Amino acid sequence: MSAGGLIVKGTLAVRAQPTAARIGAIILAGGRGSRMGGDIPKPLRMLAGRPLIAHVLDRLADLDPVVINAQDDGTFDAFGDGVAPDLRPGFEGPLAGIEAGLAWHAHDAEEDAASHVIVVPSDTPFLPQTLKDRLLAEATPTEIVVARHGGRLHPTVALWPVALLSTLSQWLDDERPRALRAFLDHAGYRTVPFGDGTDAAPDDPFFNINTLDDLSRAEDRFG
């Protein structure tokens, strides 16, 4: 029997794991990146001799397929397995980007299409190598699993069931709040802690690059 995402075997409860052979990913690259300035999209800024998004893809190397949420204008054709532009006009933030990515995965023609996807921003080059395994360890068929570091929630780094697509689309259709945290509270989520509890540590795995100063700090981490 099952209860609350658990498979109960006698007196032993084991959390239900995704049955699909593949776990996909969505990289959110549709943000404006206005704090960086210039005409170069932030994910294509060079870090340690490579585009920033290439470092993110390195951290997702064991996920398949990986789709980039961005405008489908050829900018990101060289990265990942496809591009999924927002399905809604204007700029509605990360929830619209996740909706587009989930729709792309939901229409994947492969027989073993991913049941879950890991969502990450395109400006986080130091994601934990254990991200997939740690998030999957808490996976359920219906809940979102969100990374937490140093007591701080990172809503844009999370494992999403593809089955939540219809719930998310309805939320957006109803013009509910566009804040990720608001939808997490609505849909239900659990968290997974990473790190040693010091969010400000220089090796913060969820350090995201928003400014040129951040980019310089990231260069220093590469030595």
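As the structure is a prediction and not an experimental result, all values here were calculated from the model.

A short note on the overall build of the chain
- If you tally the helices and strands in the chain, you get six helices and twelve strands.
- Expressed as a percentage of its 223 residues, the buried residues of the chain come to 45%.
- For the chain, the share of sequence-separated contacts (at least 6 apart) that also reach a separation of at least 24 residues comes to 67%.
- Per element, the accessible surface of the chain, about 10,800 Å² overall, is 50% carbon and sulfur.

Observations regarding the pattern of salt bridges
- Considering all chains together, one arrives at nine salt bridges under this definition.
- For D123, the salt bridge identified is with K42, shortest N-O distance 2.8 Å. Here D123 is found in the loop between β9 (116-121) and α3 (131-136), whereas its partner K42 is found in the loop between β4 (24-28) and β5 (46-47), with 81 residues between them in sequence. No difference in accessibility class separates D123 from K42, as the two residues are buried.
- Between R178 and E92 there is a salt bridge, with the nearest N and O atoms lying 2.6 Å from each other. Of this pair, R178 sits in the loop between α4 (165-173) and α5 (180-187) while E92 sits in the loop between β8 (82-83) and α2 (94-106); the two residues are 86 residues apart in sequence, bridging distant segments of the chain.
- According to the relative accessible area criterion, R178 is partly exposed, its value standing at 25%.

Some points on helix α6 (residues 212-222)
- Buried residues of α6: D214, L215 and A218, and no others. Angularly, the buried residues of α6 cover 100° about the axis, an arc narrow enough to put them on a single face. Exposed residues on α6 whose side chains face more than 90 degrees from its buried face are D213 and D220.
- Note on α6: the residue one or two positions beyond its end, G223, has a positive phi of about 75°.

A closer look at the sheet that holds strand β12 (residues 189-194)
- Strand order in the open sheet made by the seven strands is β8-β7-β4-β9-β11-β10-β12, with mixed pairing throughout. Each having just a single partner strand, β8 and β12 make up the two edges of the open sheet.
- With two bridges joining them, strand β7 (residues 66-69) and β8 adopt parallel strand pairing. In the sheet register, I68 faces β8, and the bridge partner there is V83.
- Sitting on the sheet, α5 touches β10 (144-149), β11 (152-161) and β12, and the angle it makes with β11 is about 55°.

Things to note about the packing of aromatic side chains
- Enumeration according to the criterion identifies five aromatic pairs in this entry.
- For the pair F194 and F206, a centre-to-centre distance of 5.5 Å together with 80° between the ring planes defines the contact as edge-to-face. Here F206 lies in the loop between β12 and α6 and F194 lies in strand β12, a separation of twelve residues in the sequence.
- Classification of F206 by relative accessible area gives buried; the value is 3%.
- Looking at R134, its charged tip hangs above the ring of F194, at a distance of 4.6 Å from the centre.
- One cation-aromatic arrangement involves R221 over F126; the distance from NZ or CZ to the ring centre is 3.8 Å.

About the criteria used
Here the residue index of a chain counts from 1 through its sequence in written order. Totals for whole chains, interfaces and linings use every residue, but because this is a predicted model, local features are given only for residues with pLDDT of at least 70 and side-chain atom pairs only at 80 or more, for both listing and counting. Excluding hydrogens and water, the side-chain figures rest on all heavy atoms present in the structure. Only DSSP runs of H or I with at least four residues qualify as helices, and only runs of E with at least two residues qualify as strands; both kinds are numbered from the N terminus onward. The buried label applies to any residue whose accessible area, calculated with a 1.4 Å probe on protein chains only, is under 20% of its type's maximum; exposed applies above 50%, and partly exposed to all values in between. Working rule for contacts: check all heavy atoms of both residues, and any pair within 4.5 Å makes them a contact. For accessible areas, the Shrake-Rupley method is used with a probe of radius 1.4 Å. Any residue's cover is judged against the shown protein chains and nothing else. Note on definitions: salt bridges are taken to be side-chain nitrogens of Lys or Arg within 4 Å of carboxyl oxygens of Asp or Glu. Taking the helix axis as origin, the arc is that swept by the directions to the C-beta atoms. Note on pairing: DSSP must find at least two bridges between two strands before they are called paired. Every axis corresponds to a line fitted to the C-alpha atoms, with the helix fit spanning only the stretch in contact, and the corresponding angles, defined between N-to-C directions, vary from 0 to 180 degrees. Planes of paired rings set the category: under 30 degrees apart is stacked, over 60 is edge-to-face and the rest tilted, where pairs are Phe, Tyr or Trp rings (Trp by its six-membered ring) whose centres lie within 6.5 Å. Charge-over-ring placement is defined geometrically: NZ (Lys) or CZ (Arg) within 6 Å of the ring centre, and within 35 degrees of the ring normal.

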